[in-house]
Amino acid sequence: MTRTVFCTKYKADMDAMDRPPYPGAKGQKLFETLSKQAWQDWLAHQTMLINEKHLNMMDPESRSYLQGELDKFVSGDNYDQAEGYVPPSA
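Below: a short report on this structure. Since we're looking at a predicted model, the values are computed, not measured.

**Thoughts on the nonpolar core**
Proteins that are soluble and globular tend to have nonpolar side chains buried together. Core analysis: the biggest nonpolar cluster contains eleven residues, these being Cys7, Met17, Leu30, Phe31, Leu34, Ala38, Trp39, Trp42, Leu70, Phe73 and Val74. The contact partners of Ala38, leaving out residues within four places of it in the chain, are Cys7, Lys9, Tyr10 and Phe73. Counting residues in hydrophobic clusters, the runner-up holds five residues, among them Met48, Leu55, Leu66 and Ala82.

**Regarding the side chain of Glu69**
Relative to the assigned elements, Glu69 resides in helix α3 (residues 60-75). On the basis of relative accessibility, which here comes to 4%, the residue Glu69 falls in the buried class. In contact with Glu69, not counting residues within four places along its chain, are Trp42, Leu49, Tyr79 and Asp80.

**A word on the pattern of salt bridges**
With the rule as written, the count across this model stands at four salt bridges. Among the salt bridges present, the one from Asp18 reaches Lys36, with a minimum N-O distance of 3.4 Å. Note that Asp18 is positioned in the loop between β2 (12-15) and α1 (24-33) and Lys36 in helix α2 (residues 36-52), a separation of 18 residues in sequence. Overall, Asp18 belongs to the exposed group, its relative accessible area being 60%. Residue Lys36 is classed as partly exposed on the basis of its relative accessible area of 34%. Across the pair Lys26 and Asp71 runs a salt bridge, and its minimum N-O distance is 2.4 Å. Placement of the pair is Lys26 in helix α1 and Asp71 in helix α3, with a sequence separation of 45 residues. Note on Lys26: relative accessible area 33%, which makes it partly exposed. On the basis of relative accessibility, which here comes to 33%, the residue Asp71 falls in the partly exposed class.

Procedures and definitions
- Residues numbered from 1 in each chain as written.
- Predicted model: local features only at pLDDT ≥ 70, side-chain atom pairs only at ≥ 80, totals over all residues.
- Heavy atoms only, no water.
- Core = buried A, V, L, I, M, F, W, Y, C linked by side-chain atoms within 4.5 Å.
- Buried < 20%, exposed > 50% of the residue type's maximum accessible area, 1.4 Å probe, protein only.
- Contact = heavy atoms within 4.5 Å.
- Helix = DSSP H or I, 4+ residues; strand = E, 2+ residues; numbered from the N terminus.
- Salt bridge = Lys/Arg side-chain N within 4 Å of Asp/Glu carboxyl O.

What follows is the structure, encoded as structure tokens:
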């Protein structure tokens, strides 16, 4: 049987992640309150931000920026978009 959570992003009961996305209290909280779909959507958005904004993941400021954007994404606040980004056509 698949575990479900009430997803804080999509405000619905949805399939849960298989395991915490990263170690520590923050990872555990995300595991308990964020759906698998929301996490996949975040990963796609995070990748787009890294690529379009040319973020260097070795830079603590870039990692801090992404953490802040994750917090906004999860809570439903307005989160950063890449200016001028056009998704690839199907």
